[in-house]
Number of protein chains: 2
Amino acid sequence: MKPQTDISALAADVRAGNRRALARAITLVESARADHRTQALALLSAIGTDREALRIGMSGTPGVGKSTFIESFGLMLTAQGLRVAVLAVDPSSARSGGSILGDKTRMDHLARDPNAFIRPSPSQTELGGVARRSREAVALCEAAGYDVVLIETVGVGQSETVVAQMSDLFVLLLAPAGGDELQGVKRGIMEIADLILVNKADGDLKPQAMRTCADYAGALRLLRKRPQDPPGFPKALTVSALENAGLAAAWAEMQALIDWRRAAGVWDQTRQAQAIYWFQEEVRQGMLQFLRNDVETAARMRATEDDVRAGTLAPAAGAALVLDALGKGPR
Amino acid sequence: MKPQTDISALAADVRAGNRRALARAITLVESARADHRTQALALLSAIGTDREALRIGMSGTPGVGKSTFIESFGLMLTAQGLRVAVLAVDPSSARSGGSILGDKTRMDHLARDPNAFIRPSPSQTELGGVARRSREAVALCEAAGYDVVLIETVGVGQSETVVAQMSDLFVLLLAPAGGDELQGVKRGIMEIADLILVNKADGDLKPQAMRTCADYAGALRLLRKRPQDPPGFPKALTVSALENAGLAAAWAEMQALIDWRRAAGVWDQTRQAQAIYWFQEEVRQGMLQFLRNDVETAARMRATEDDVRAGTLAPAAGAALVLDALGKGPR
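Source: prediction; values computed, not measured.

Engineer: Which residues make up the overall build of chain A, and what values go with them?
Structural biologist: Tallying secondary structure elements over chain A gives 13 helices and 7 strands in all. Residue burial in chain A is summarised as follows: out of 331 residues, 56% are buried. Sequence-distant contacts in chain A: of pairs separated by 6 or more residues, those separated by 24 or more amount to 74%.

Right, here's the structure in full:
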């Protein structure tokens, strides 16, 4: 891909809503090559920031029926004339050999819908790398005029936290579960979930789904009220992606939450805080990348970590060695 | 304080268990002065790493009776011949005008116990600064031969997370509460609590305390099992610091948990991982400190953040500007 001319043309095609151009643009921002990164930054500047989509972060462990939910939910939205983009943030994709969305046939109706765009997770193992690029992919989808951007993650390690940092609201999808060993929600996620949806509330599982939903509603009530929540949120609901039941109600709740946040100014504050978060994160990552990539520094880091791990060197003393060598010791 | 000679003498006095020397040593590591920092690093190397205390992180919001609990719990331990150090990590101390431990009269019996050492939080507003130094204060207490180091925090923002990074086990202290509006546990803390203690299980509050305890025991069962937990943990118990009830049971649970973690190798792994965490954190903080303190760079950061917040500059593009200027752009 050649410099400037192509970039502005690509930006125009993206803004025109050309899905192939959008796919190429995302490939560009995902590329690790230095020259591609330069072009990616030019592209991100060229697409503008005048368009705004509703960014919905969504997490669900395998088996909760996430693909089915996204397909049913997405088709409901496109049927309302909305354009829907689905992105996956899956740091494990490289390990698991292809992200949850790699196999589009699992949501083939949505994949064939002209008003929908589905993008698998970039196959990187390092969450930081995946997340930073996914966040730029979200911006590209917004520029392409999508009304709703679904950012889904399997919830490995910290992935929910970083997805929350690029979302306007966060949905946790669960399956009905029995007894005490429910599905094991990571404790941290209760911090960020705006809406808990218990899926598979159909057939024999329906009573179990309602019990599970009541359990989580109770657990949510034990947790502290957050300033970004209107009365009644975070909320737990039951849905059936299979029978398209509860999806409209869930969408109504999301809109009610977002309307409140827009009116309360939370929307703007959050978007600005997120932008600063990613800016500082990029600087931090760039700095740490330097620590890894600068051969001399990287070797010093590793050698120092051995001593720190062995306990023969205090963490601060080890850090001082590295920082002094970089000419960045504590002032 | 003058160089080398004094430092080795101070290290010897600390290891001899001299409380005044320990207090001076902690003041030294808390100092922001560059020359003090150099001496502090020398001191941390001089005290050695051969001694090991049980580090108990503890969080509780004002009103749960934390001071009373620490006094009763600490006196129980010293009565068993154990030496107990209590440190506070309270990033709000500067704001609130003195840490929770500033007023020692709130635990005057323990404060007068020759086998106890109580240290208020350094009065810094920045959590990173407080935490890094507190972690070094813990190491000093270990070198001074204390058997148990209680690291307490009021749980402002992320303070529990950083205290957990310097603790072998983490205790959340709660008060009995009625109805749905319990005391509002920060969602994130459920991630790190090994033991939840519901205090004030005495008099009229006893039934309420038992209900609260049952509620949290139920909530804990909804959460995913962690690899560092033996069967039955994390656990919720009721205690009464006022009537010294349940304290021995709580101590027994802590010992059972720690024995299991030692046998399972979790103890060593955790300590090593924590050392690496603090080493990398020191490097990161040193780098970011450079971003703030280097006048030219700091000005560029601020100017860039304005554009990022306004949305006229993409986070990654802004970061590239700063990193390129530092000669640390993505390679």
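Engineer: Which residues make up the relation of the copies chain A and chain B, and what values go with them?
Structural biologist: One copy of the chain maps onto the second through a rotation about an axis and a displacement along it. For the pair chain A and chain B, the superposition axis carries a translation of 0.0 Å, the fit reaches an RMSD of 0.0 Å, and the rotation angle comes to 180°. Taken together, the rotation and translation relating the two chain copies correspond to the operation of a two-fold axis. Of all interface residues in chain A, 100% are interface residues in chain B too; the two copies therefore contact each other through one and the same surface.

Engineer: Would you mind going over the side chain of B:Glu136 in detail, with residue names and values included?
Structural biologist: Looking at where B:Glu136 falls in the secondary structure, it is placed in helix H7 (residues 127-143). According to the relative accessible area criterion, B:Glu136 is buried, its value standing at 4%. A polar contact of 2.6 Å, which involves the side chain of B:Glu136, links it to the side chain of B:Arg37. The residues touching B:Glu136, leaving out its near neighbours within four places in the chain, are A:Ala316, B:Val29, B:Arg37, B:Leu44 and B:Glu282.

Engineer: If you had to explain the nonpolar core to someone new, which residues and values would you point to?
Structural biologist: In terms of nonpolar packing, the biggest core is built from 145 residues, with A:Ile196 and B:Ile196 touching the most fellow members. When residues no more than four places from it in sequence are discounted, the contact partners of A:Ile196 are A:Leu172, A:Leu174, A:Met190, A:Tyr216, A:Leu220, A:Lys235, A:Ala236 and A:Leu237. Core analysis: the second largest hydrophobic core is formed by 35 residues, B:Ile56, B:Val86, B:Met107 and B:Leu237 among them.

Engineer: Kindly report on the interface of chain A and chain B, identifying the contributing residues and their values.
Structural biologist: At the junction of the two partners, chain A supplies 61 residues and chain B supplies 61 residues. Viewed at the interface, chain B and chain A are joined by 0 salt bridges. Joining chain A to chain B, the criterion identifies 4 residue pairs in polar contact (both at pLDDT 80 or more). Broken down by secondary-structure element, the contributors of at least two residues to the side of chain A that touches chain B are helix H3 (34-46), helix H7 (127-143), helix H9 (206-221), helix H11 (266-293), helix H12 (295-310) and helix H13 (315-326) of chain A.

Engineer: Please set out the sheet that holds strand E7 (residues 235-238) of chain A residue by residue, giving values where relevant.
Structural biologist: Residues and elements named next belong to chain A. Taken together, the 7 strands give an open sheet; going across it, the order is E3-E2-E4-E1-E5-E6-E7, and neighbouring strands pair in parallel fashion. Each edge of the sheet is formed by a strand with only one pairing partner; in this case those strands are strand E3 (116-119) and E7. Sheet twist, expressed as the average angle between the axes of neighbouring strands with direction ignored, equals 20°. By the bridge criterion, 4 bridges tie strand E5 (residues 169-174) to strand E6 (residues 195-198) in an arrangement that is parallel. Paired with Leu174 across the bridge in E6 is Val198. With respect to the sheet, helix H10 (residues 247-263) is in contact with strand E1 (54-59), strand E4 (148-153), E5, E6 and E7, its orientation differing from that of E5 by roughly 155°.

Engineer: Give a description of the environment of B:Gln228 that names residues and reports values.
Structural biologist: Residues and elements named next belong to chain B. Locating Gln228 in the fold gives a position in the loop between helix H9 (206-221) and strand E7 (235-238). Residue classification places Gln228 among the partly exposed residues on the basis of a relative accessible area of 27%. Along the backbone, Gln228 and Trp267 are 39 residues apart, and their C-alpha atoms lie at a distance of 8.9 Å. In contact with Gln228, not counting residues within four places along its chain, are Leu257, Trp260, Arg261 and Val266.

Engineer: Residues and numbers for the packing of aromatic side chains, please.
Structural biologist: Under the defined criterion, the tally for this structure stands at 8 aromatic pairs over all chains. With a centroid separation of 6.0 Å and 75° between ring planes, the pair formed by A:Phe73 and A:Trp251 is classed as edge-to-face. Taken as a pair, A:Phe73 in helix H4 (residues 66-79) and A:Trp251 in helix H10 lie far apart in primary sequence, 178 residues in all. Of the two residues examined, A:Phe73 and A:Trp251, each falls in the buried class. Taking the centre distance of 5.3 Å and the plane angle of 15° together, the rings of B:Phe69 and B:Phe73 count as stacked. Of this pair, B:Phe69 and B:Phe73 both sit in helix H4 (residues 66-79), separated by 4 residues, roughly a single helical turn. B:Phe69 gets classed as buried once you look at its relative accessible area, which sits at 0%. Since its relative accessible area comes to 0%, B:Phe73 is described here as buried.

What counts, and at which threshold
Residues numbered from 1 in each chain as written. Chains lettered and ligands numbered in written order. Predicted model: local features only at pLDDT ≥ 70, side-chain atom pairs only at ≥ 80, totals over all residues. Heavy atoms only, no water. Helix = DSSP H or I, 4+ residues; strand = E, 2+ residues; numbered from the N terminus. Buried < 20%, exposed > 50% of the residue type's maximum accessible area, 1.4 Å probe, protein only. Contact = heavy atoms within 4.5 Å. Least-squares fit on C-alpha atoms with pLDDT ≥ 70 in both. Polar contact = N/O pair within 3.5 Å; in protein donor to acceptor, adjacent residues only side chain to side chain. Core = buried A, V, L, I, M, F, W, Y, C linked by side-chain atoms within 4.5 Å. Salt bridge = Lys/Arg side-chain N within 4 Å of Asp/Glu carboxyl O. Pairing = 2+ DSSP bridges. Axes fitted to C-alpha atoms, helices over the stretch in contact; angles between N-to-C directions. Phe/Tyr/Trp six-rings, centres within 6.5 Å; stacked < 30°, edge-to-face > 60°.

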